[in-house]
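The primary structure of each chain is shown beneath.
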Amino acid sequence: MTINDIAELAGVSVSTVSKIINGKDKGIKSETRERVLKIVKEYRYTPYDFIKNNTNSKSFLLGLVLSGIKKRQSISNGFLHEAERQGYQVQVCLSTSAESESKHIAALCKNRAEAVLWEPVEVAAENDSAGIVAECDSSGTAAVLHKSGIPFAALNTDAAGFNGVLYDYQKAGYTAADILLRLGHTKIRCVYDGTDMQEYAIRQGVERCLFDHHCLYVECKNVQEALSVHNCSALICCDWDTAVTTYEYATVHKFRIPQDLSIICIDDAEYIKPFPPISAIPLSLFHFGVFVCRYLIDKIEKKATDIPAYTEAFTCNHYKSIDLPAPLRKKRIIVVGSINMDILLTVNNYPQTGESISAESVSIIPGGKGINQAVGAAKLGAKVSLVGNVGRDFDGDMILNLLHDNSVDATAVHVDEEHSTGKAYIHIQGDGESGIVLYGGANETISADSIYRSEQLFTDAVFCLLQTEIPMEAVKKTIETARKYNVAIMLKPSAVKEIAEELLPELDYFIPNRKELYRLCPIAGTLEEKAAWFLEKGVKTVIVTLDSDGCYVRTSEYERWFPAVDIFKPIDTTGAADAFIAALAVFLSEQKSLSDALPYALYAAGFSTTRVGVVPSLIDRATLEQCCI
């Protein structure tokens, strides 16, 4: 291919081709220049003058000088893709210091690069409260490029004289924070690398958004401090690897995502993976590389003079790991009660004094009214915290794992070093009726101080489910704390011979079974009269559970009998009242009326009798709603 061939293909004179190739094309129409350059690039034509180092000849070589590879791979790929498309070659250099940067620029000048995209080397500099931040120290390199006359753009810097072209990382951070703020989060922390300019820019965007919405940005040393000290409800991670590490940390420390903690990631679209399901704002850095390359080529070919602003609409790819903060989404249900390991013995009849009988089967299952009610409420979708004690033994470990698997907050479950986990020896007869022998164990060490240490849980709670299988000191402190924070109290009076009358006016719901009602009421009379006595003593609502007969409800406004759901054949009635109470609390917390919530509670109670053991027989939300529609 000769210059004559180029001229013939372009339909111009040889002198016109020569002027364009050698940069002496003043006065030549832009359409002619573009046509000639297109043919020259397509055929990779190298003029003889270039071999003689004519300084004005075209080399069709672009320089790409990067200061590292972190988050720059997509920019580089986009730049190379566009250069190839437009017929240019690219010399890629990686700088690790100001000295190597200068050498790369000098080499590109020697090789007659027509334009350079240059990312200035970063050096560490102190930044008061934000840690270590990178700054540019490449003014000498910028001067060399200006002197050479080679068009260039400096990547991600707005320093004077650098011809900076910026990717708006700040806008990406602002967008992420704005999404979380619109959901109701106010305690938001940005997890970033202070030595990386791009991540620091994201953090600045987050801070600016919080400032614009009158929220204070609190700098934390690490994720642990953000969650445990500052109670942050949302985290913004500036790269995918950090987001995954944060996700794993939160999961290990019993934070449910997004129920307890929202996480959103900002990173190059190429790095974001489908699992784990972390919400992300993908950065189109490949397209940014294309944009910068296109600008430089337009500058070389005299189609543009000023660097246009790069704009991008940032959006979240999905909302799987972000949600409303817990206080706005659901109120907490606190369960304070016994935690046992249940040993279930299936027998024909209870053993009489001096009699030995054989059990048909034996099962060992975590139980106790505390666990039963907590898991029952959690399976119905409530945010649940359990307050209680276990021993430092195998049973305790098994119970803590069960709570975690069922999304029950166990931060207030204390591990007793001196006492073993409580036990319940349950004899189940052929008709499903049961009798229980309790060993308190660690349950007996629950004290007023135990409740005091868990007081923060009451600040966003709507119901407190309480039983009397723990010391009365703890029961009284729980009632006092619940009243302090205006939390409604449901009391199940199990394994107790009497209830102090001064406690009764503090109870919103008093839920005994028939035997407990008759044992605890000091007056003679019918079931209705005994329920009315508790109402006279100050209880707001009395609900008497009646096994296969349903329940009886008495309030100051009305009394009513609710029939049981008669479609179930009982196998084990243990814990039916706990399933009832858990469902009742959940649906009342969702603003259903008492008469509307009770059918759900009765169905949950009936369902729980169809299997041996309470926890395995507790109904889930989808099943309950489907059956009760």
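Residues numbered from 1 in each chain as written. Predicted model: local features only at pLDDT ≥ 70, side-chain atom pairs only at ≥ 80, totals over all residues. Heavy atoms only, no water.

(A) Region of the structure containing the overall build of the protein chain. A tally of helices and strands in the protein chain yields 22 helices and 25 strands. On C-alpha atoms alone, the protein chain measures out to a radius of gyration of 37 Å, which is more than a quarter above the 25 Å that the 2.2 N^0.38 rule sets for 629 residues. Summed over all atoms, the accessible surface of the protein chain reaches about 28600 Å², with 51% contributed by carbon and sulfur. With 62 positive and 80 negative side-chain charges, the protein chain shows a separation of 8 Å between the mean positions of the two kinds. (Helix = DSSP H or I, 4+ residues; strand = E, 2+ residues; numbered from the N terminus. Rg over C-alpha atoms; globule rule 2.2 N^0.38 Å. Areas by Shrake-Rupley, 256 points an atom, 1.4 Å probe, with all protein chains shown as cover. Lys, Arg positive; Asp, Glu negative; His and termini not counted. Charge placed at Lys NZ, Arg CZ, Asp CG, Glu CD.)

(B) Local environment of the pairing of strand E20 (residues 461-467). Among the seven residues that make up E20, six are buried, leaving the element largely enclosed by the rest of the structure. Across five bridges, the pairing between E20 and strand E21 (residues 488-492) is parallel. Directly across from cysteine 464, in E21, lies its bridge partner isoleucine 489. Each parallel crossover has a hand, and for E20 linked through helix H17 (residues 472-484) to E21 it is right-handed. (Buried < 20%, exposed > 50% of the residue type's maximum accessible area, 1.4 Å probe, protein only. Pairing = 2+ DSSP bridges. Right-handed = clockwise from strand over helix to strand, strands pointing away.)

(C) Seen up close, empty space enclosed by the protein. The tally for this structure, following the rule as stated, stands at three cavities of 30 Å³ or more. Of the volumes computed, that of the second largest cavity is approximately 40 Å³. Together, Gly376, Leu380, Ala579, Ala582, Ala583, Ala604, Leu618 and Ile619 line the second largest cavity. With three residues, the top contributor of residues to the lining of the second largest cavity is helix H20 (residues 576-589). When the residues that make up the lining of the second largest cavity are grouped by side-chain class, the tally is seven nonpolar, one polar and no charged. (1 Å grid on protein atoms, 1.4 Å probe; cavity = no way out; pocket = protein on both sides within 12 Å on 5 of 7 lines; lining within 4 Å. Points joined across faces, edges and corners; volume = space filled by probe spheres on them. Nonpolar A, V, L, I, M, F, W, Y, C, P; charged D, E, K, R; others polar.)

(D) Broad picture of helix H8 (residues 169-183). Taking 1.5 Å as the rise per residue, H8 with 15 residues should run 21 Å; its terminal C-alpha atoms sit 22 Å apart, in good agreement. Along H8, 11 of the 15 residues are buried, which leaves the element largely enclosed by surrounding structure. Count one or two residues on from H8 and you reach glycine 184, which has phi positive near 110°. (Expected span 1.5 Å × (residues − 1).)

(E) Expanded view of a nonpolar patch on the surface. Side chains of Tyr425, Val437 and Tyr439 sit close together on the surface and give an oily, nonpolar patch of about 280 Å² of accessible area. Tracing the backbone through its elements, the reader meets tyrosine 425 in strand E18 (residues 422-428). (Patch = residues over 30% accessible without salt bridge, like charges linked within 9 Å, V, L, I, M, F, W, Y side chains within 5 Å. Salt bridge = Lys/Arg side-chain N within 4 Å of Asp/Glu carboxyl O.)

(F) Expanded view of the packing of aromatic side chains. Going through the model one piece at a time under the given rule, you end up with 17 aromatic pairs. Plain terms: the ring middles of phenylalanine 288 and phenylalanine 291 are 6.4 Å apart, the flat faces sit at 20° to each other, and that makes the pair stacked. Of the two residues, phenylalanine 288 and phenylalanine 291 are both situated in helix H12 (residues 285-300); the distance of three residues between them amounts to about one turn of the helix. Exposure class is identical for phenylalanine 288 and phenylalanine 291. Each is buried. Aromatic pair phenylalanine 463 and tyrosine 509: ring centres 6.0 Å apart, planes at 50°, arrangement tilted. Pair noted here: phenylalanine 463 is in strand E20 and tyrosine 509 is in strand E22 (residues 509-510), with a separation of 46 residues, a long-range link. Counting every residue linked through ring pairs, the aromatic cluster contains Tyr167, Tyr169, Phe288, Phe291, Tyr310 and Phe314. (Phe/Tyr/Trp six-rings, centres within 6.5 Å; stacked < 30°, edge-to-face > 60°.)

Function-wise, these values are silent; they only describe arrangement.
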